Amino acid sequence: MRLPVRVEFFAGGLRPIVTACVKSESPKIFGIVNAIIDTGSPTTILGAGDVQRMRISQVQMQKLIGAEKEVNLGGAQIKTRILPDAELKVGEKYVKIPIQVPVKLVRGTPPPTILGIDFLLEGKFKFFFYPEKREAYLESEDGI
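Overview of the structure. On a predicted model such as this, the values are computed, not experimentally measured, just so you know. (Residues numbered from 1 in each chain as written. Predicted model: local features only at pLDDT ≥ 70, side-chain atom pairs only at ≥ 80, totals over all residues. Heavy atoms only, no water.)

**A few points about the environment of Ile56**
So the rule is basically this: Note on conventions: DSSP H or I runs of at least 4 residues are helices, E runs of at least 2 residues are strands, and numbering of each starts at the N terminus. Only heavy atoms enter the contact rule, under which two residues are in contact if any of them lie within 4.5 Å.
Relative to the assigned elements, Ile56 resides in the loop between helix 1 (48-53) and helix 2 (58-62). C-alpha separation for the pair Ile56 and Pro4, spaced 52 residues apart in sequence, amounts to 29 Å. Not counting the four nearest positions on each side in its chain, Ile56 is found in contact with Ile29, Leu46, Val51 and Met61.

Here you go:
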């Protein structure tokens with residue numbers, strides 16, 4: 001099964017972007033995000049703009065697990081905590097992974113939502129990106 005990925009100009013270059021639904025039961029979170037597929041990022045990170053847009057409250061933030069971890073991403077330095085058992089839906093495929101959620105911007109411009117290698121591994125995706133022709137897609141062999 002192939003899932004189409006948009007190739008758009010963003011932050012100075014062409015980027016592969018997908019629309020994904022983010023859902024979590026504890027804390028209760030739901031929202032639609034446009035995420036960049038980044039094969040250079042080991043983990044998936046929810047963008048600070050998406051955190052604000054989804055109106056994730058301080059009470060919900062306190063339910064995130066782990067200590068605040070400093071992450072360097074795209075020139076920004078942010079502190080994150082983990083949203084365990086988050087469910088991402090891209091097309092008809094569901095992927096359950098922990099997502100890093102920014103709790104504080106230390107320096108720089110907040111980055112967008114990033115789908116990292118953990119998303120590709122857990123979803124068992126192959127990723128094809130041909131920027132010259134503006135083609136990209138995710139391919140899954142499990143038919144889901």
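Moving on from the model shown.
**With respect to the pairing of strand 4 (residues 29-37)**
Filter applied, for reference: Two strands qualify as a pair provided that DSSP identifies no fewer than 2 bridges between them.
Pairing between strand 3 (residues 13-24) and strand 4: 8 bridges, direction antiparallel. Among the inter-strand pairings, Val18 is bridged to a residue of strand 4, identified as Ala35. Relative to strand 8 (residues 113-115), strand 4 is paired through 3 bridges, and the arrangement is parallel. Each residue of the ladder has a partner; that of Ala35, found in strand 8, is Thr113.

**Topic: the nonpolar core**
The test is simple: The criterion is simple. A nonpolar core is a set of buried Ala, Val, Leu, Ile, Met, Phe, Trp, Tyr and Cys residues joined through side-chain atoms within 4.5 Å. A simple rule labels every residue: compare its accessible area, found with a 1.4 Å probe on the protein chains alone, to the largest value its type can have, and call it buried under 20%, exposed over 50%, or partly exposed in between.
Ranked by internal contacts, the top residues of the largest apolar core, which has 30 residues, are Leu46, Phe119 and Leu138. For this core, the secondary structure elements donating two or more residues are strand 3, strand 4, strand 6 (76-90), strand 7 (93-107), helix 3 (117-122) and strand 10 (135-140). The contact partners of Leu138, leaving out residues within four places of it in the chain, are Met1, Arg2, Leu3, Val5, Ile37, Val90, Phe119, Leu120, Phe125, Lys126 and Phe127.

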